[in-house]
Amino acid sequence: MRDVRYLNILPAENPVCRSKGLNLLLMVDNRGEAAAAVVRFYGSDGTGWREIYAGKKEFPGQTHVHAYFYLPPACFAPEMWDGEELEELAIWAGEAPPPPGEEGQLLFFIP
């Protein structure tokens with residue numbers, strides 16, 4: 001959505017326990033009318049971005065919103081990452097994959 005901008009991702013914890021999910025706060029700025037959007041979360045272990053989770057949220061018009069999301073443990077499971085256990089993962093939120101050069105928010109993992 002053109003008027004909705006995703007500003008920042010704040011993880012509830014970092015490092016993250018691999019076997020648990022993660023609560024996130026996403027700062028969102030909506031300069032247009034009230035709108036519903038599917039927010040997609042992407043992850044990169046250094047081999048490119050892939051979608052790991054999507055959730056729909058309503059954003060009131062002309063507001064700055066703190067939207068809360070929960071990324072389930074499956075987002076970090078080895079099955080999602082070609083059988084590899086994650087040590088770190090960059091995450092990014094948007095309605096489409098990140099633009100080239102985007103670094104995302106870095107998460108570190110513990111057993």
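Note: the structure precedes this text.
**Q** Is there a simple way to think about the sheet that holds strand E8 (residues 105–110) in this case?
**A** Spatially, E2-E8-E7-E4-E5 is the arrangement adopted by the five strands of the open sheet, whose pairing is mixed. A strand with exactly one partner marks an edge of an open sheet, and here the two such strands are strand E2 (16–17) and strand E5 (49–59). Strand direction decides the pairing type here: strand E4 (residues 35–44) and E5, joined by 10 bridges, are antiparallel. Bridging across to E5, Ala 35 finds its partner in Phe 59.

**Q** Just to check I follow, could you spell out the environment of Val 38 for this structure?
**A** Inspection of the secondary structure assignment puts Val 38 in strand E4. For the pair formed by Val 38 and Gly 55, sequence separation is 17 residues and the distance between their alpha carbons is 5.5 Å. When sequence neighbours within four positions are dropped, the list of residues in contact with Val 38 reads Ala 54, Gly 55, Lys 56, Gly 94 and Glu 95.

**Q** What is the right way to read the pairing of E8 from this model?
**A** Note on strand geometry: in a regular strand, side chains alternate between the two faces of the sheet. Summarising the sheet, E2 and E8 pair through two bridges and their orientation is parallel. Bridging from a neighbouring strand, Cys 17 pairs with Ile 110 of E8. Here four bridges tie strand E7 (residues 88–94) to E8, and the two strands are oriented antiparallel to one another. Along E8, the bridge assignment pairs Ile 91 with Gln 105.

**Q** Looking at this structure, how should I read the nonpolar core?
**A** In globular proteins that are soluble, nonpolar side chains generally tend to be buried together. Residues Tyr 6, Leu 26, Val 28, Val 39, Phe 41, Phe 59 and Phe 76 are the most contacted members of the largest nonpolar core, which totals 26 residues. At the level of elements, strand E1 (4–11), strand E3 (22–30), E4, E5, strand E6 (63–71), E7 and E8 are the ones that each hand at least two residues to this core. Apart from residues no more than four positions distant in its own chain, Leu 26 is found in contact with Tyr 6, Asn 8, Ile 9, Val 39, Phe 41, Val 65, His 66, Ala 67, Phe 69 and Ala 93.

**Q** Just checking my understanding: could you explain the sheet that holds E6 for this structure?
**A** Two modes of strand pairing occur in sheets, parallel and antiparallel, and in both the strands are linked by backbone hydrogen bonds. Within the open sheet, the three strands sit side by side as E1-E3-E6. Their pairing is antiparallel. Of all strands in the sheet, those bounded by a partner on one side alone are E1 and E6. Looking at each pair of strands side by side, their axes are set apart by 25 degrees on average, direction ignored. Alignment of E3 against E6, held across nine bridges, turns out to be antiparallel. Across the sheet, residue Asn 23 finds its bridge partner in E6, namely Tyr 70.

Calculation rules
Residues numbered from 1 in each chain as written. Predicted model: local features only at pLDDT ≥ 70, side-chain atom pairs only at ≥ 80, totals over all residues. Heavy atoms only, no water. Pairing = 2+ DSSP bridges. Helix = DSSP H or I, 4+ residues; strand = E, 2+ residues; numbered from the N terminus. Contact = heavy atoms within 4.5 Å. Core = buried A, V, L, I, M, F, W, Y, C linked by side-chain atoms within 4.5 Å. Buried < 20%, exposed > 50% of the residue type's maximum accessible area, 1.4 Å probe, protein only. Axes fitted to C-alpha atoms, helices over the stretch in contact; angles between N-to-C directions.

Limitation: the analysis is restricted to geometry and does not speak to function.
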